[in-house]
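Residue-level structural notes
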Amino acid sequence: MNIAFKIKQYIKMFIQNKYLPHVYDRAVRNTKVDPNLIILADMHSDKLPFSMEAVFDELVSRGKIPTVYCGDIGKMSLLKGFIFMRRFMKLYASARYVYICSYFLPVSSCRKRKETKVIQLWHSGGLLKKMGYDTKDDIPKDYKGNVTANYDLVTVSAPVCVPVWERALGLPMGITEPIGISRTDYYYKTRWNAKAKRKFEKYYPEAKGKKVAVYAPSFSGNAAFPECKGLDMHIERAFKDNPDWCLIVRPHPHMKKKYPEYFDERFKRVATEEVLVSADLLITDYSSILFDYICFRKPFVMFCPDIEKYRRDRGFYEDPEHFPGPFVRTVDELRQVIDDEKYKDCGQEELEAFFHNYMGACDGHVTERLLDLVEKL
């Protein structure tokens, strides 16, 4: 394990087990729970994540005024990171509801008040690569402290996900509900889709009159030292001299430092989820963006050049070689699939079955069900 990664884990353990509980306990002694305080919190983005936008909109439509508490701790100095978490703990002490959509260390660092309810929306659906306590890259075995404590409700995209989430995140039975992923509600909204399409056409005029392929890979290794074999192999070669296609490359945000050429102004202006609306084909590897995309029931290709290493180092819940889309390991194989239109071999019935197995609860009304359920907690 990398020394820098180890040091980071020790710092996180100190913050979780010593510093933040002290801040929270002091705040609890000096405050009461505010029944109107609803916090939407994230420490991986400077703005409200897409995974929380539908919840925010629905809360506002119900007359609530949620508090957004977001910041990208990866961009902060150690001191600013401490301040960010300390301020959250003071809010947390008086909150009625807290929504998160990824790991959020402060939420799990203390013994919270029973009146405060924590809802983990998570940021992805379906089942593919291992996560949480099932893999060393997310939570090392020697990490002391429960990084998923205090959850009162966790939402997943289909019943098949429930036992995996319970094991991988170390969750008590009964709090993981297969009611769907809130973010997917947007994919069923006509106005949202039309707006996303207009935005895509504005920022990608070169795609006009062409078929659009979106390459959206995950990364290998851990978030501190990410790699992407597909980018290293120059996937663009698969579309060279093919005037019918426009390739849009959308790497995972963790890969910005290693592959800065793909993170231009358009990456900021048009979210990957919005790009999916205009896509005719998705090419991915181990990214959960596949499960967002399958809500549109459109074809995909699994491009996994390092699958043996990935299987050995991280592992899978479901093998991507068995998914209904074509599976390729090389750029030449990918080019053949594109040129021969082999991606069309996967029919609508197969795509529909794939959707229902992994994303079946995502029907465009998830957020309504979610907030109704939260009110009963």
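Structure report, in brief.

What counts and what doesn't
Residues numbered from 1 in each chain as written. Predicted model: local features only at pLDDT ≥ 70, side-chain atom pairs only at ≥ 80, totals over all residues. Heavy atoms only, no water. Buried < 20%, exposed > 50% of the residue type's maximum accessible area, 1.4 Å probe, protein only. Helix = DSSP H or I, 4+ residues; strand = E, 2+ residues; numbered from the N terminus. Pairing = 2+ DSSP bridges. Phe/Tyr/Trp six-rings, centres within 6.5 Å; stacked < 30°, edge-to-face > 60°. Contact = heavy atoms within 4.5 Å. Axes fitted to C-alpha atoms, helices over the stretch in contact; angles between N-to-C directions. Salt bridge = Lys/Arg side-chain N within 4 Å of Asp/Glu carboxyl O. Patch = residues over 30% accessible without salt bridge, like charges linked within 9 Å, V, L, I, M, F, W, Y side chains within 5 Å. Areas by Shrake-Rupley, 256 points an atom, 1.4 Å probe, with all protein chains shown as cover. Lys, Arg positive; Asp, Glu negative; His and termini not counted. Charge placed at Lys NZ, Arg CZ, Asp CG, Glu CD. Left-handed = near helix turned anticlockwise from the far one by under 90°. Nonpolar A, V, L, I, M, F, W, Y, C, P; charged D, E, K, R; others polar.

Details of the pairing of strand E3 (residues 97–100)
Looking along a regular strand, one sees side chains alternate from face to face of the sheet. Residues Tyr-97 and Tyr-99 point to one face of E3 and Val-98 and Ile-100 to the other, with burial holding for every one of them. Bridging between strand E1 (residues 38–42) and E3 involves three bridges; their strand directions are parallel. Of the residues in E3, the one forming a bridge with Ile-39 is Val-98. Taken together, the four bridges between E3 and strand E4 (residues 117–120) define a ladder with parallel strand orientation. Note on E4: the bridge partner recorded for Ile-100 is Gln-120.

Considering the packing of aromatic side chains
What the rule picks out here adds up to 28 aromatic pairs. Summarising the aromatic geometry, the rings of Tyr-69 and Phe-88 are spaced 5.8 Å apart at their centres and angled 50° between planes, so their arrangement reads as tilted. With Tyr-69 in strand E2 (residues 67–70) and Phe-88 in helix H3 (residues 78–92), this pair connects stretches of sequence that are 19 residues apart. The exposure class assigned to Tyr-69 is buried, which follows from its relative accessible area of 13%. Their ring planes at 25° and their centres at 5.5 Å tell us that Tyr-310 and Phe-316 sit as a pair that is stacked. Under the relative-accessibility criterion, Tyr-310 is labelled buried at 5%.

Considering the sheet that holds strand E11 (residues 327–328)
Strand order across the open sheet formed by five strands is E8-E7-E9-E10-E11, with parallel pairing between neighbours. The open sheet terminates on both sides in strands that have one partner only, identified here as strand E8 (245–249) and E11. As defined by bridge partners, strand E7 (residues 211–215) adjoins strand E9 (residues 281–284) across three bridges and the pair is classed as parallel. Counted as the bridge partner of Ala-213 is Leu-281 from E9. The sheet strands contacting helix H11 (residues 331–339) are E8, E9, strand E10 (300–303) and E11, and the helix crosses E10 at an angle near 170°.

Brief notes about unusual backbone geometry
A positive phi is found at Trp-122, a non-glycine position, where the angle reads about 55°. Mapped onto the elements, Trp-122 comes out in the loop between E4 and strand E5 (153–155). Phi is positive for Arg-297, close to 55°, though the residue is something other than glycine. For Arg-297, the location among the structural elements is in the loop between helix H9 (289–293) and E10.

Some words on the environment of Asp-138
Summarising the element assignment, Asp-138 is placed in the loop between E4 and E5. In the structure, Asp-138 is positioned 28 residues away from Cys-110 in sequence and 20 Å away in space, judged by C-alpha atoms.

Section: the pattern of salt bridges
Scanning the model with the defined rule gives 22 salt bridges in all. A salt bridge links Glu-273 to Arg-183; its shortest N-O distance comes to 2.6 Å. Of this pair, Glu-273 sits in helix H8 (residues 272–275) while Arg-183 sits in the loop between strand E6 (176–177) and helix H5 (190–203), and the two are 90 residues apart along the sequence. Each member of the pair, Glu-273 as well as Arg-183, is classed as buried. Connected through shared salt-bridge partners, Glu-308, Arg-311, Asp-319, Glu-321 and Arg-329 make up one network.

Structural notes on a positive patch on the surface
On the surface, Arg-26, Arg-29, Arg-86, Arg-87 and Lys-90 cluster together to form a positively charged patch. Elements represented by at least two residues in the positive patch include exactly helix H1 (3–29) and H3. For the positive patch, the element with the highest residue contribution is H3, accounting for three residues. Within the secondary structure layout, Arg-29 lies in helix H1. Its relative accessible area of 63% is what places Arg-29 among the exposed residues.

Some words on the packing of helix H2 (residues 50–61) against helix H13 (residues 366–374)
At a minimum axis separation of 10 Å, H2 and H13 run at an interaxial angle of 65°. As H2 packs across H13, the resulting crossing turns out to be right-handed. Residues Ala-54, Val-55, Glu-58 and Leu-59 of H2 form the contact with H13, whose own contacting residues are Thr-367, Glu-368, Leu-370 and Leu-371. Tallied by class, residues from the contact of H2 with H13 come to five nonpolar, one polar and two charged.

The quantities given are spatial measurements derived from coordinates; they are silent on function.
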